[in-house]
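Architecture at a glance
Each chain, letter by letter, is given below.
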Amino acid sequence: MDSTIKQHWETIYSTKQPNEVSWTEDVPSVSLAFVHQAKPAKDAHIIDVGGGDSKLVDHLLAEGFQNISVLDISEAAIARAKKRLGPMANQVTWIVSDVLRFSPSVAYDLWHDRAAFHFQTEADQIKHYVDLVEKSVKGTLIVGTFSPDGPTKCSGLDIQQYDEGGMKAKFEAAHFKNIECKRENHVTPMGGKQNFVFCSFSKSA
């Protein structure tokens, strides 16, 4: 794990409140729509990669999903999510890890990633991530990144923008079939707009 990057995120989550960071969503409506489209079983193995203190897990628990994992590089982010959920946090598998150092113990029926993949900016990082999902996902893959109409950085860090074609090229090469791509203008707590592209894929037979 890159200690500098980890420390960056620990500092962010230790010093800023949800209304002070751009990625906060009270209702992650686009992510939920893609999850619902996939129609996973209630006992499906679902992971939210880079989930931090996202409220996606809250909604999934409320809908009765039973095997949810949340992965984030920041221990402080996960601690904040646990505190928010209270006793319900015990129903979630929490994983503190850089996604590139993650070795899953199960194959996931649904892998969700809103804005973790786009932090992989080097060719070897991108390949590692794509190889990881190819090995670790047996069902649906949902990935959201900044689009070419979105920011070039997030939280001061460089990111890799993708359009629909770029996303398809990366994951179709790893035996995923594209289901849908759509753009979203995320309105930040500060009132700014960030354009995302979300794509969903199913694992090819």
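Reading guide: rules and limits
- Each chain has its residues counted from 1, following the order in which its sequence is written.
- Owing to the predicted nature of the model, reporting of local features is limited to residues with pLDDT of at least 70; listing and counting of side-chain atom pairs is limited to 80 or more, with chain, interface and lining totals taken over all residues.
- Calculation of side-chain values draws on the structure's entire complement of heavy atoms; hydrogens and water are dropped beforehand.
- Only DSSP runs of H or I with at least four residues qualify as helices, and only runs of E with at least two residues qualify as strands; both kinds are numbered from the N terminus onward.
- Radius of gyration: over C-alpha atoms. The globule rule applied is 2.2 Å multiplied by the number of residues raised to the 0.38 power.
- Remark: exposure states derive from per-residue accessible area (1.4 Å probe, protein chains only) relative to the maximum for the residue type, with buried under 20%, exposed over 50%, and partly exposed in between.
- Each accessible area is a Shrake-Rupley result for a 1.4 Å probe, and residues are judged covered by the shown protein chains and nothing else.
- Under this rule, positive means Lys or Arg and negative means Asp or Glu; His and the chain ends count for nothing.
- Think of each charge as sitting on NZ of Lys, CZ of Arg, CG of Asp or CD of Glu.
- Here, strands pair whenever DSSP counts at least two bridges between them.
- Salt bridges are defined by distance alone: a side-chain nitrogen of Lys or Arg within 4 Å of a carboxyl oxygen of Asp or Glu.
- When the strands point away from the viewer and the path from the first strand over the helix to the second turns clockwise, the crossover is right-handed.

Broken down by element type, the chain carries six helices and nine strands. The C-alpha atoms of the chain give a radius of gyration of 16 Å, which matches the 17 Å a tight globule of 205 residues would have. Projected onto its principal axes, the C-alpha coordinates of the chain cover approximately 45 × 35 × 30 Å. Residues counted as buried form 48% of the 205 residues belonging to the chain. When the accessible area of the chain is evaluated, it comes to approximately 9600 Å², of which 49% is carbon and sulfur surface. One finds the centroid of the 22 positive side-chain charges in the chain at a distance of 2 Å from the centroid of its 26 negative side-chain charges.

Glancing now at the pairing of strand 9 (residues 193–203). The side chains of a regular strand alternate, first on one face of the sheet and then on the other. In terms of residue burial, strand 9 counts as a mostly covered element, since eight of its 11 residues are buried. Linkage of strand 8 (residues 176–187) to strand 9, two consecutive antiparallel strands, is achieved through a turn of five residues, within which G191 is found at a positive phi near 95 degrees.

With that settled, consider the pattern of salt bridges. On inspection of all chains with the given rule, the structure shows eight salt bridges. For E10, the salt bridge identified is with K6, shortest N-O distance 2.7 Å. Here E10 pairs with K6, and both are found in helix 1 (residues 3–15), just four residues apart, close to one helical turn. Within the structure, one salt-bridge network assembled from shared partners comprises D149, E164 and R183.

Below, the discussion takes up the pairing of strand 1 (residues 45–49). Of all five residues in strand 1, four are buried; the element is thus mostly enclosed. Two strands pair when backbone bridges link them, and strand 1 and strand 2 (residues 67–72) are joined in this way by five bridges, in the parallel orientation. Bridge assignment links I47 to a residue of strand 2, and that residue is S69. This β-α-β element, strand 1 to helix 3 (residues 56–62) to strand 2, shows right-handed connectivity. Bridging between strand 1 and strand 4 (residues 108–114) involves four bridges; their strand directions are parallel.

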